[in-house]
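Spelled out from the first residue to the last, the chains are:
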Amino acid sequence: MRLLIAGGGGFRVPLIYRALASGRFAGMVSELVLYDVDPARLQAVTAVLHSMPGGPDARVPVHATTNLPQALADAGMVFAAIRPGGTSGRVADEKVAQDLGLLGQETTGAGGISYALRTIPHMLNLAQLMKQHCPDAWLVNFTNPAGMVTEALLPVLGRKVIGICDSAGGLVQRAARAAGAPLPEGRLDGVGYYGLNHLGWLYRLASNGQDLLPRLLADPLALAAFEEGRLFPQPFLAELGALPNEYLYYYYQRDAAREAMRTMARTRGETIHSQQEELYPRLAAGGADAFRLWEEARRSREEGYLAEARTQGAQRDEADLAGGGYERVALAAMRALSGTGDTQLILNTRNSPVPDTAAAQTTARPAAPEPAIPGLPADAVVEVPCTVTADGALPLPQQAPPEPQLGLLRQVKEVERLTVRAAVEGDREAALAAFAGHPLVDSEALAQALLDGYEREFPALRDLWRPGVL
């Protein structure tokens, strides 16, 4: 199978290549195609792949190109991980919000809306070109904000697109280990998780018919053994009765997060931008040392992840520094979608799958499946456990979230849908409503200031509001 990575100059691409060349994913891909708009980044990443340890049998042929139609030709699977505006765009996403006294984060709050507005048009172009050049291919979307981007693509690709993120799956695996009941590979039996991308809760963790989560939430020592358990006070978790996704730190500890970010010498985006500006030319010229240089930078980047949520001097767990998140989820999904065996993963997909087309044409039309998350729209993209087969991702039913979780989900989902409408239809008023309606903004005046600021940073954003330009 020919695998295309759109955004092939991305920093995490070597993780995918390493996984492709080893273990149960070896032999699945006959050619890896890297597409990127930046030839210098492609050159750097290709140098890393060529210098990666391993003999000839551990190699997958790699082809790099800046021609997207050529890259898509005959692709059986497409991974998308693009970042329009590059890392400097991320800096602006964070700084415009932070300069207005708001949370400055790339996927959560105002920064995530900005990121989505400029990213969705590019992803729609990719989807349309897939329909022309590889209509049978699946799109596995890494591109953030993953939930919003995936929702924007559903009208074009239908069940052929799924969104992935390693955050929810990582939470479940870490919690299961802390509870003394590690989950078998590819199974989520007994797991209850509902949410949107970067906004979800683990509410059940059953083993042998017994829910282990209440005991875990009541055990401060067990909670202290993993990242999410340390982010929130134990009494708070016990009262909540669930384990929040790490990104809920920005909601539950909003003031602390905002203040910690304000006092940092550089934003997370500035740190990564500076690192990559210096690193990529070294990778391209690194020869045999390219992989070593990349691995050192990768580890440094992992060490700084969510630093604003940790006490001074606290370090991430060694297991979390090893990498292996996104690529494991993406390749497990690819394997199942290719018909090599079912698996269960937490994915971003439609809340209620569309009934089978052929069955829907019969006189006895089947009823539409119930939403996986009761209380949210059936056609909304949600993040839930799914069974993945060659037919796609089937969301597994979850219990109805209690208030205020459901209220927060509905509010953020409305923000996501307004953002998608703004990007797809060129509706500036929808963009303003999205900013104003987000719980981390909650102000029409700040919404106007945010959109004005992002338009100054990204002049091309104004083209969205001109019909026929994009």
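Residues numbered from 1 in each chain as written. Predicted model: local features only at pLDDT ≥ 70, side-chain atom pairs only at ≥ 80, totals over all residues. Heavy atoms only, no water.

Put simply, the rule reads: UniProt positions are given in the numbering used here, feature names are shortened, and annotations may be inferred rather than shown by experiment.
For the chain, an unreviewed UniProt entry supplies the name 6-phospho-beta-glucosidase and the organism Pseudarthrobacter scleromae. Check the Sequence similarities (unreviewed entry) section of the UniProt entry for the chain; it says "Belongs to the glycosyl hydrolase 4 family."

## A word on the side chain of E94
Convention followed: Per the convention used, a helix needs a DSSP run of H or I reaching at least four residues, while a strand needs a run of E reaching at least two, with both numbered from the N terminus. Here a polar contact is taken to be a pair of N or O atoms separated by no more than 3.5 Å, where protein atoms must pair a possible hydrogen donor with a possible acceptor and residues adjacent in sequence count only if both atoms sit in side chains. Throughout, a residue-residue contact means that at least one pair of heavy atoms, one from each residue, lies within 4.5 Å.
Its place among the elements puts E94 in helix α4 (residues 86–99). One polar contact links E94 to T267, side chain to side chain, over a distance of 3.0 Å. Separated by 2.8 Å, the side chain of E94 and the backbone nitrogen of G269 make a polar contact. With near-sequence residues (within four places) excluded, E94 lies in contact with G104, Q105, E106, T267, R268, G269 and E270.

## Considerations on empty space enclosed by the protein
Rules: Site definitions follow a grid-based scheme: protein atoms alone, a 1 Å grid, a 1.4 Å probe that fits but cannot get out for cavities, and for pockets an open set with protein on both sides within 12 Å along at least five of seven lines, plus lining residues having an atom within 4 Å of a point. Grid points are joined across faces, edges and corners, and a volume is the space filled by probe spheres set on the points. We call Asp, Glu, Lys and Arg charged. Ala, Val, Leu, Ile, Met, Phe, Trp, Tyr, Cys and Pro are nonpolar, and the rest, Gly among them, are polar.
All chains considered together, the criterion is met by one cavity of 30 Å³ or more. Computed from the structure, the largest cavity encloses a volume of approximately 170 Å³. Surrounding the largest cavity, 17 residues form its lining, T107, M148, N197, V412 and E416 being those nearest its centre. The set of elements that each furnish at least two residues to the lining of the largest cavity consists of α5 (110–133), α6 (146–157) and α19 (405–425). In terms of residue class, the lining of the largest cavity is built from eight nonpolar, eight polar and one charged.

## Topic: helix α2 (residues 39–50)
Rule in force here: Under the convention used throughout, the expected extent of a helix is 1.5 Å for every residue step, that is, one less than its residue count. Per-residue accessibility, obtained with a 1.4 Å probe over protein chains only, is compared with the maximum for each type, and a residue is labelled buried under 20%, exposed over 50%, and partly exposed between these values.
Between its terminal C-alpha atoms α2 stretches 16 Å, which fits the 16 Å expected from 12 residues at 1.5 Å a residue. Within the span of α2, buried status applies to L42, A44, V45, T46, A47, V48 and L49. Residues of α2 that are buried make contact with α1 (13–20), β2 (31–35), β3 (62–65), α14 (268–284) and α15 (290–303). Between a side-chain oxygen at the N-terminus of α2 and the backbone nitrogen of A40 the separation is 2.9 Å; the capping residue is D38.

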